[in-house]
Amino acid sequence: MRKMIAGLGLTVLFIAGCSSDEDELLDFYNAFQETVEVEKEIETVSEEFNSLESEKGELQESLQDASREELPEISSELVENTEARIDQLDAEAGVMGDSRSRMETSTQYIEEISNETNRDKAESLVEAMEARYQAHGDMIESYKSVLENEKEIFEYLGEEDVSQDEVDERLNGLNEQYQEVEDTGAAFSEETEKVNELKKEIQDVIEG
């Protein structure tokens, strides 16, 4: 269901015989690329999240044949699973916060770029990355909102008097929220593509 991070790719450039203009841009670019190293940690987070998603699917399947007596236990396991998935979203947000800190550190090199065109390219990349961080934050926020509502549904399943109509109504509302997750995810992917395009422009300048 989920592959949150569209890859930025890692290309650290070491070009012999650069002009001073290219050297200045290269210093910025290599510092900026440390954000990519940080974001590699999200691969581990995503693997754990996807494993939890699979576990959730198995638990939901078990609901189909569950007796009334078995519902509280399955409900409790689903709640625990959802809380674990929320923790993984928080972990991903933390990684992106570290990435943002690395990116902000790289901006000190922009002041050293004497070529105005090159400096504009570096500033545009930073601005695009800021938009990407914002889009990621929106995506995480919308996903957490969905999971919080999922958790409420699973808690409801463990109550004594459970109405199928009530469950269906809540699930319908959840499906509408998932659309927002899809939309914010698409926006994040779009911002990542913009960042990659700007990075390629800088690579082209450095490589001459």
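Bear in mind the structure is a predicted one, so any value in this text is a computation, not a measurement.

Overview of the environment of Ser-51
Checked against the element boundaries, Ser-51 lands in helix α3 (residues 41–63). In sequence terms Ser-51 and Glu-201 are 150 residues apart; their C-alpha atoms lie 37 Å from each other.

With respect to the side chain of Thr-82
Relative to the elements of secondary structure, Thr-82 occurs in helix α4 (residues 71–106). One polar contact links the side chain of Thr-82 to the main-chain carbonyl oxygen of Leu-78, over a distance of 2.8 Å. Each residue touching Thr-82, except ones within four places of it in the same chain, is listed here: Leu-147, Glu-150, Lys-151 and Phe-154.

Here's the deal with the packing of aromatic side chains
Taken as a whole and assessed by the stated rule, the structure comprises three aromatic pairs. Centre to centre, the rings of Phe-28 and Phe-32 are 5.9 Å apart; their planes meet at 40 degrees, and the pair counts as tilted. Here Phe-32 and Phe-28 lie together in helix α1 (residues 20–32), a separation of four residues that amounts to about one turn. A single burial state applies to Phe-28 and to Phe-32, both of which are buried. With 5.6 Å between their ring centres and 80 degrees between their planes, Phe-49 and Tyr-143 make a pair best called edge-to-face. Of this pair, Phe-49 sits in helix α3 while Tyr-143 sits in helix α5 (residues 116–157), placing them 94 residues apart in sequence. This pair shows no difference in class: Phe-49 is buried, exactly as Tyr-143 is. Sitting over the face of the ring of Tyr-156, Arg-170 holds its NZ or CZ atom 4.5 Å from the ring centroid.

A closer look at the nonpolar core
Leu-25, Phe-28, Leu-125 and Ile-202 are the most contacted members of the largest nonpolar core, which totals 25 residues. At the level of elements, α1, α4, α5 and α6 (164–207) are the ones that each hand at least two residues to this core. Broken down by element, the residue count for this core peaks at eight residues, all from α5. Ignoring any residue separated from it by four or fewer positions in sequence, one finds Leu-125 in contact with Phe-28, Phe-32, Val-195, Leu-198, Lys-199 and Ile-202. Core analysis: the second largest hydrophobic core is formed by 11 residues, Ile-86, Leu-89, Tyr-143 and Leu-174 among them.

Focus: the confidence of the model for the protein
Confidence in the prediction of the protein, expressed as mean pLDDT, is 89, and 91% of residues score 70 or more. In this model residues 10–18 is a low-confidence stretch, pLDDT under 50, and it forms 20 contacts with partners more than four residues away in sequence or in other chains.

A word on the packing of α3 against α5
The interhelical angle for the contact between α3 and α5, taken along N-to-C directions, is 30 degrees, at an axis separation of 14 Å. Between α3 and α5, the interaxial angle falls into the category roughly parallel. For the crossing formed where α3 meets α5, the hand is left-handed. Judged by residue contacts, Phe-49, Glu-53, Lys-56, Gln-60 and Leu-63 of α3 engage Tyr-143, Leu-147, Glu-150, Phe-154 and Leu-157 from α5. Class assignment for the residues of the contact of α3 with α5 results in six nonpolar, one polar and three charged.

Conventions we followed
- Residues numbered from 1 in each chain as written.
- Predicted model: local features only at pLDDT ≥ 70, side-chain atom pairs only at ≥ 80, totals over all residues.
- Heavy atoms only, no water.
- Helix = DSSP H or I, 4+ residues; strand = E, 2+ residues; numbered from the N terminus.
- Polar contact = N/O pair within 3.5 Å; in protein donor to acceptor, adjacent residues only side chain to side chain.
- Contact = heavy atoms within 4.5 Å.
- Phe/Tyr/Trp six-rings, centres within 6.5 Å; stacked < 30°, edge-to-face > 60°.
- Buried < 20%, exposed > 50% of the residue type's maximum accessible area, 1.4 Å probe, protein only.
- Lys NZ or Arg CZ within 6 Å of the ring centre and 35° of its normal.
- Core = buried A, V, L, I, M, F, W, Y, C linked by side-chain atoms within 4.5 Å.
- pLDDT = per-residue confidence, 0-100.
- Axes fitted to C-alpha atoms, helices over the stretch in contact; angles between N-to-C directions.
- Parallel < 35°, antiparallel > 145°, perpendicular 65-115°, else oblique.
- Left-handed = near helix turned anticlockwise from the far one by under 90°.
- Nonpolar A, V, L, I, M, F, W, Y, C, P; charged D, E, K, R; others polar.

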